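Chain by chain, the residues:
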Amino acid sequence: MTEQNNQILKNTNAKLLDEFNASIMFDKELYSQDIKGSIAHSKMLALQNIISSDEQKQIESGLLQVLKEIENGEFKFSLEYEDIHMAVENRLTQIIGDAGKRLHTARSRNDQVCTDFTLYVQEKTKSIQIQIKELISTFVDVASKHTTTLMPGMTHLQHAQPINFGYHMMAYANMFKRDFERFASSYERNNYSPLGSAALAGTPHNIDRFKTAELLGFYAPTQNAMDSVSNRDFALELLFNISTTMMHISRISEELILWSSYEFRFVQMSDMYATTSSIMPQKKNPDVPELLRGKTGRVYGNLISLLTVMKSLPLAYNKDTQEDKEGVFDSVATIEISLNILNEVIKTMKVNVDIMENACKIGHLTATDLADYLVLKQNMPFRTAYYITKELVEEANRLNKDISELNINEIRNSTKELENIDEEIISYLNLKNSMNSRDSFGGTSTKQTKIQIDNFKDWLKDN
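On a predicted model such as this, the values are computed, not experimentally measured, just so you know. (Residues numbered from 1 in each chain as written. Predicted model: local features only at pLDDT ≥ 70, side-chain atom pairs only at ≥ 80, totals over all residues. Heavy atoms only, no water.)

(A) Quick look at the overall build of the protein chain. For the protein chain, the count of helices and strands is 19 helices and eight strands. Since a compact globule built from 463 residues should have a radius of gyration of about 23 Å, the 31 Å found for the protein chain marks it as more spread out than a globular shape. Each principal axis of the C-alpha atoms in the protein chain carries an extent, and together these give about 100 × 55 × 40 Å. Going through the 463 residues of the protein chain one by one, you find that 49% of them count as buried. In the protein chain, once contacts between residues fewer than 6 apart in sequence are set aside, the share between residues at least 24 apart is 75%. A total of about 23000 Å² of accessible surface is found on the protein chain, and carbon and sulfur atoms cover 50% of it. Considering the protein chain, the positive charge centre built from 50 side chains and the negative charge centre built from 62 side chains are found 1 Å apart. (Helix = DSSP H or I, 4+ residues; strand = E, 2+ residues; numbered from the N terminus. Rg over C-alpha atoms; globule rule 2.2 N^0.38 Å. Buried < 20%, exposed > 50% of the residue type's maximum accessible area, 1.4 Å probe, protein only. Contact = heavy atoms within 4.5 Å. Areas by Shrake-Rupley, 256 points an atom, 1.4 Å probe, with all protein chains shown as cover. Lys, Arg positive; Asp, Glu negative; His and termini not counted. Charge placed at Lys NZ, Arg CZ, Asp CG, Glu CD.)

So, in structure tokens, the structure goes:
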């Protein structure tokens, strides 16, 4: 092989290694956190007399210029500088000279990247909370309009008992409230600064980690440098929280898909969030909730991916953790657009009240009310009442009626045990009365649904 060919091969291999090793093309997402962390670090170095006040001012001014260049699209990201930290530091040195080379005193890229990434996760945790709160508010608004709208409550996807649509909406409000609280808990647990941990064992320089933690909005510095640079629990928690929220999004999406079908027709989605078939113009496809349901699998994959990366890593820092960011960035982008578009879908959907209420006349939803009546009014054992109710349901089927539509003679003729039943049973079998009879705390009655709504309105004001 000629010397020229050897050089070509060497250059090719070097380029391949640069592409494989570099993270700049995705961790550039952290540019603002990197610059924020570096400014805080420089201020602390000056306060500790590790660098001069003049050098700190030059560094801060230069970093702000780099920030402006990136935000204006003037900054050139290159594989030559491997990651966002080296890219920013190199450009800083070009701008201010040797003072820029002093910035990296008393830190390592190990604690620098962990600080940047923690800042990013904490910022996104807060912004996602805001979006979840907006979605909860939408569910509460819809629920407020439908506290008397009957719909069949289901178990096993079979008609079970009459509920109101507002109550169903509030079930989702409760799910997303837990999500909000889960993100809040993670923020509290992870709001500690890794900066100053250096490579893995701290630094001999007289730094003040409490000061940089304060400047960056953290509660305090982390306690153990080795744990700090190898920790990615904060990223895993974010991925888990996003995955759980997406699971809840997928559940309401599945119901929207069912409810908007011809078999249900409970709701009608806005044309803005549904599409027609390419060959069947009569069809209106629920594309948005289907995509939301599908994207749930995507964020699950990102969570499992990072868990797998972390599962066998020895302490302290390992290059494997370079694979921690792309999945997080992707999941964050996915949850942000998903929460936004689901909020709009719920806001704009039309609820077909009459169709929903008519569906309550399928499946004998008030059968349990007869059993409860026999227990409460005639002191009958529940299991005996259960079998009497079963006979009445069979009679209603023979008459091709719902149990709520039977008159008193049809009820009395169904079985000898009901021959002398009082006419008040008719009111017990009434769908709306049945719904409102479930008045225990957390129940579906209009009264209890309104209590839930009021409690949530108070919670939304306080958060």
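(B) Examining the pairing of strand β1 (residues 150–155) more closely. With six bridges joining them, β1 and strand β2 (residues 158–164) adopt antiparallel strand pairing. What sits directly across from P152, in β2, is P162. The turn joining β1 and β2, which pair antiparallel and follow one another in sequence, is formed by two residues; a positive phi near 60° is taken by H156. (Pairing = 2+ DSSP bridges.)

(C) Local environment of a nonpolar patch on the surface. On the surface, L200, M226 and L315 cluster together into a nonpolar patch covering about 260 Å² of accessible area. With respect to the element layout, L315 can be found in the loop between α11 (287–310) and α12 (325–348). (Patch = residues over 30% accessible without salt bridge, like charges linked within 9 Å, V, L, I, M, F, W, Y side chains within 5 Å. Salt bridge = Lys/Arg side-chain N within 4 Å of Asp/Glu carboxyl O.)

(D) Layout of unusual backbone geometry. Look at the link from L315 to A316: it is a cis peptide, with omega at 10°. The phi angle at N49 is positive, at roughly 60°, despite the residue not being glycine. Of note, N49 is situated in the loop between α3 (31–47) and α4 (53–71). Phi is positive for L157, which is not a glycine, with a value near 60°. As for its position among the elements, L157 is in the loop between β1 and β2.

(E) Inspection of the packing of helix α10 (residues 233–259) against α11 at higher detail. Their axes nearest at 8 Å, the elements α10 and α11 cross at an angle of 160°. It follows from the interaxial angle that α10 and α11 lie roughly antiparallel. With respect to the hand of their crossing, α10 and α11 are arranged in left-handed fashion. Residues that form the contact of α10 with α11 fall into these classes: 18 nonpolar, five polar and four charged. (Axes fitted to C-alpha atoms, helices over the stretch in contact; angles between N-to-C directions. Parallel < 35°, antiparallel > 145°, perpendicular 65-115°, else oblique. Left-handed = near helix turned anticlockwise from the far one by under 90°. Nonpolar A, V, L, I, M, F, W, Y, C, P; charged D, E, K, R; others polar.)

(F) Up close: the packing of aromatic side chains. In the structure shown here, the tally under the stated rule is 14 aromatic pairs. For the ring pair F117 and F234, a centre distance of 5.6 Å and an interplane angle of 75° mean the geometry is edge-to-face. Here F234 lies in helix α10 and F117 lies in helix α6 (residues 109–144), a separation of 117 residues in the sequence. Overall, the relative accessible area of 2% leaves F234 in the buried class. Here the aromatic rings of F139 and F176 are separated by 5.8 Å at their centres, their planes lie at 15°, and the arrangement is stacked. Of this pair, F139 sits in helix α6 while F176 sits in helix α7 (residues 165–190), placing them 37 residues apart in sequence. Overall, F139 belongs to the buried group, its relative accessible area being 0%. Taken together, F117, Y120, F234 and F329 form an aromatic cluster joined through their ring pairs. Directly above the ring of F117 sits K325, whose terminal nitrogen or CZ lies 5.5 Å from the centroid. Cation over ring: R383 sits above Y386, and NZ or CZ is 4.8 Å from the ring centre. (Phe/Tyr/Trp six-rings, centres within 6.5 Å; stacked < 30°, edge-to-face > 60°. Lys NZ or Arg CZ within 6 Å of the ring centre and 35° of its normal.)

(G) Helix α14 (residues 367–378), seen in detail. For α14, built from 12 residues, the straight-helix expectation of 16 Å at 1.5 Å per residue is met to within 8% by its first-to-last C-alpha distance of 16 Å. Those residues of α14 lying buried are A367, D369, L370, A371, Y373 and L374. Those residues of α14 that are buried are in contact with α15 (382–398), α17 (425–429) and α18 (431–437). Of the residues flanking the end of α14, it is N379, one or two places downstream, whose phi is positive at about 55°. (Expected span 1.5 Å × (residues − 1).)

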